[in-house]
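Observations on the model geometry
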Amino acid sequence: MSENKISFGAIPISRTHIPVKKSGRWVAQEVSFVRFNPKLTNDMDTLKDVKAIWKGNNLSASIAEEAEIVKSPVYALVSQKENLKKILPENVLGLFTTDKIDKLTDTVEIYKLGVNPEFAYAQKRRSREVKHVASTMIREFVKFIDKKFNVKSIVIGSEDDSVRFYQRMGIPERENSINVFEIKKDMFKTL
């Protein structure tokens, strides 16, 4: 007797809005915050395609490699709102990898965070058509963690050129660390 396995794609976590420029004006566009499962072919194919579209930039190559080798969870902000079984790579606005999280997890670390080069502040600054991808991903992740797990803090390592971004978000540097930022549980609701 053969067993049919149903393979579901990205897991929807929440819906939110980000600023998108349309006809010269910023408007709120609904987006989906999702979690990719690196054990699923559809999700891994999407990550590999994102890496190709982004030309390996903005940590897309490292994120795809980490998902493939270590099977780290990958969270993403996508413009796609329907048919999340197969996320189209051109709809991926940003990605990041984390620890595996369970009921015993005390601290979660965000390892790598990258934004589509077309919308990344570092590359496009004032000419981008979409804003706040990275900060929206972090905020949606914090809300998700706060609702589902008993995590006490979220830690984010930063490259030198991203330090100002975390400072502007109001995330303090972790005590006795350099370029490591920490969101403690008491900040989860106010971030």
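Now for a description of the structure that goes with this document. (Residues numbered from 1 in each chain as written. Predicted model: local features only at pLDDT ≥ 70, side-chain atom pairs only at ≥ 80, totals over all residues. Heavy atoms only, no water.)

**Let's talk about the environment of Ala-64**
Mapped onto the fold, Ala-64 is located in helix α2 (residues 60-69). Separated by 43 residues in the primary sequence, Ala-64 and Thr-107 place their C-alpha atoms 23 Å from one another. In contact with Ala-64, other than residues within four places in its own chain, are Met-44, Leu-47 and Lys-51. (Helix = DSSP H or I, 4+ residues; strand = E, 2+ residues; numbered from the N terminus. Contact = heavy atoms within 4.5 Å.)

**Focus on the pairing of strand β6 (residues 153-157)**
Of all the five residues making up β6, four are buried; the element is thus mostly covered by neighbouring parts of the structure. With four bridges connecting them, strand β5 (residues 107-115) and β6 associate as parallel partners. Residue pairing across strands places Thr-107 opposite Ser-153, the latter belonging to β6. Relative to strand β7 (residues 180-184), β6 runs antiparallel, the two being bridged by five bridges. Considered in β7, the bridge of Ile-156 is made with Phe-181. (Buried < 20%, exposed > 50% of the residue type's maximum accessible area, 1.4 Å probe, protein only. Pairing = 2+ DSSP bridges.)

**Regarding the packing of helix α1 (residues 41-53) against α2**
Relative orientation of the contacting elements α1 and α2 amounts to 160°, with a least axis distance of 8 Å. Relative to α2, the element α1 lies roughly antiparallel. Crossing angle aside, the handedness with which α1 passes α2 is left-handed. Here α1 contributes Met-44, Leu-47, Lys-48, Val-50 and Lys-51 to the contact with α2, which in turn contributes Ser-60, Ala-61, Ala-64, Ala-67 and Glu-68. Among the residues forming the contact of α1 with α2, the class breakdown is six nonpolar, one polar and three charged. (Axes fitted to C-alpha atoms, helices over the stretch in contact; angles between N-to-C directions. Parallel < 35°, antiparallel > 145°, perpendicular 65-115°, else oblique. Left-handed = near helix turned anticlockwise from the far one by under 90°. Nonpolar A, V, L, I, M, F, W, Y, C, P; charged D, E, K, R; others polar.)

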